[in-house]
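Fold and contact review
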Amino acid sequence: MYNAKAYSAASATAPLTADSIERRDLTENDVQIEILFCGICHSDLHMVRNEWSATPAIYPIVPGHEIVGRVTQVGSAVIMQKRNVDRSNDCSQRR
Ligand SMILES: [Zn+2]
C-alpha cells in the first residue's frame, strides 16, 4: 500500500479539499501513472453532489477521470504500444 495526493469531498455539500488516499500496490495487470493534469467535468460534479440516484456517491469521493500523466510503472503482464496520445481518458470521446 502507498498514499497518493488527491482532492476529495466528504459529503454532497462539502468543498473539495486536499487529501491523501491509500492505494493498493500494483499488480501485474496495472499501469501506474503520475498524474500531471486532471480535469473536472460535469459528470464528476454530478457524482460529487450525489445527483445521480442510479449510482449513489460513496464518500469521501475523489472526482476527476480525465487526466494527462506520465507512466511510472508497468506490470509484467501489461502489453503497451508507444503512441503519441494527447489525452488518456476523455469521456466526451466515448460512444
Ligand atoms: Zn468526464
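Scroll up to find the structure.
Residues numbered from 1 in each chain as written. Predicted model: local features only at pLDDT ≥ 70, side-chain atom pairs only at ≥ 80, totals over all residues.

**Things to note about the overall build of the protein**
Definition in use: Only DSSP runs of H or I reaching four residues or more are called helices, and only runs of E reaching two or more are called strands; each is numbered from the N terminus. A residue is called partly exposed when the number of other C-beta atoms within 10 Å of its own lies between 12 and 20, exposed at 12 or fewer, and buried at 20 or more, with C-beta atoms placed from the backbone.
Helices and strands together make up the secondary structure of the protein, namely one helix and four strands. Starting at the N terminus and walking to the C terminus, you meet the elements of the protein as β-β-β-α-β. For the protein, the proportion of its 95 residues judged to be buried stands at 4%.

**Description of unusual backbone geometry**
Cis geometry is found at the peptide bond from tyrosine 59 to proline 60, where omega equals 0°. Looking at where proline 60 falls in the secondary structure, it is placed in the loop between helix H1 (42–48) and strand E4 (66–74). Of note in the backbone geometry, asparagine 50 takes a positive phi value of approximately 55° without being a glycine. By the element assignment, asparagine 50 lies in the loop between H1 and E4.

**Concerning the environment of serine 76**
Within the secondary structure, serine 76 sits in the segment after E4. Of the residues examined, serine 76 has 8 C-beta atoms within 10 Å and is grouped as exposed. Considering only alpha carbons, one finds serine 76 and valine 31, 45 residues apart in sequence, at a separation of 9.7 Å.

**Description of the environment of tryptophan 52**
Stated formally: The contact criterion used here is simple: two residues whose C-beta atoms, placed from the backbone, lie within 7 Å are in contact.
The topology assignment puts tryptophan 52 in the loop between H1 and E4. For tryptophan 52, the contacting residues outside a window of four places in its chain are His46 and Met47.

**Quick word on the environment of glycine 75**
Along the chain, the position of glycine 75 falls in the segment after E4. Residue glycine 75 is classed as exposed on the basis of its C-beta count, with 12 C-beta atoms lying within 10 Å. Sequence separation between glycine 75 and glutamine 32 is 43 residues; the distance between their C-alpha atoms is 8.5 Å. Contact partners of glycine 75, with chain neighbours within four places excluded, come to Leu26, Thr27, Glu28, Asn29, Asp30 and Val31.

**Brief notes about the pairing of strand E2 (residues 17–23)**
What counts is decided by this rule: By definition, two strands form a pair when at least two bridges between them are found by DSSP.
With zero of its seven residues buried, E2 lies for the most part at the surface. Inspection of the sheet shows strand E1 (residues 2–8) paired to E2 by seven bridges, in the antiparallel sense. By the bridge assignment for E2, asparagine 3 is matched with glutamate 22.

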